[in-house]
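Geometric and topological summary
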Amino acid sequence: MSYNGKNYMEQGGDKWVIGGTLEIKEGASVTGLPAAEVPQAANQADSVAEDVSTLVSDFNGLLAKLKAANLMASS
């Protein structure tokens, strides 16, 4: 009898295949993964706009910084 599960260890034990959901419970830990770099956007100064035109300019500056940091698609 054979059983094909979504999650299994390949023959030899060198590789686990996760085809279902991997749930990591609170308090659990994962070791050995490379540290992921989280991109940061350049700082955007607080707006002091007193009219809509200046506010639009400040907002567009923020959008440009998010796109430059790859935190938002460019189109």
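Cut-offs applied
Residues numbered from 1 in each chain as written. Predicted model: local features only at pLDDT ≥ 70, side-chain atom pairs only at ≥ 80, totals over all residues. Heavy atoms only, no water. Helix = DSSP H or I, 4+ residues; strand = E, 2+ residues; numbered from the N terminus. Rg over C-alpha atoms; globule rule 2.2 N^0.38 Å. Contact = heavy atoms within 4.5 Å. Areas by Shrake-Rupley, 256 points an atom, 1.4 Å probe, with all protein chains shown as cover. pLDDT = per-residue confidence, 0-100. Salt bridge = Lys/Arg side-chain N within 4 Å of Asp/Glu carboxyl O. Buried < 20%, exposed > 50% of the residue type's maximum accessible area, 1.4 Å probe, protein only.

**Overview of the overall build of the protein chain**
From N to C terminus, the protein chain includes one helix and two strands. When its helices and strands are written in sequence order, the protein chain yields β-β-α. Its C-alpha radius of gyration of 23 Å places the protein chain more than 25% over the 11 Å reference for a compact globule of 75 residues. Viewed in the frame of its principal axes, the protein chain has a C-alpha envelope of about 75 × 25 × 20 Å. Considering only residue pairs separated by 6 or more positions, the protein chain has 21% of its internal contacts joining residues 24 or more positions apart. Within the structure as shown, the protein chain displays about 7,100 Å² of accessible surface, and the carbon and sulfur contribution to it stands at 53%.

**A few points about the environment of K65**
Mapping K65 onto the fold places it in helix α1 (residues 52–68). Here the alpha-carbon distance between K65 and N43, two residues 22 residues apart in the chain, equals 8.0 Å. For K65, the contacting residues outside a window of four places in its chain are A41, A42, N43 and Q44.

**Considering the confidence of the model for the protein chain**
Looking at the protein chain, the pLDDT average stands at 91 and 96% of residues meet or exceed 70. Mean pLDDT values over the elements of the protein chain span from 88, in strand β1 (residues 7–9), up to 97, in α1.

**A few points about the pattern of salt bridges**
Per the stated rule, a full pass over the model turns up two salt bridges. Among the ionic pairs, K15 bridges to E10, the shortest N-O distance being 3.9 Å. Of the charged contacts, one joins K25 and E23 as a salt bridge, the two residues approaching to 3.1 Å between their closest N and O atoms. Residue K25 shares its accessibility class with E23, and that shared class is exposed.

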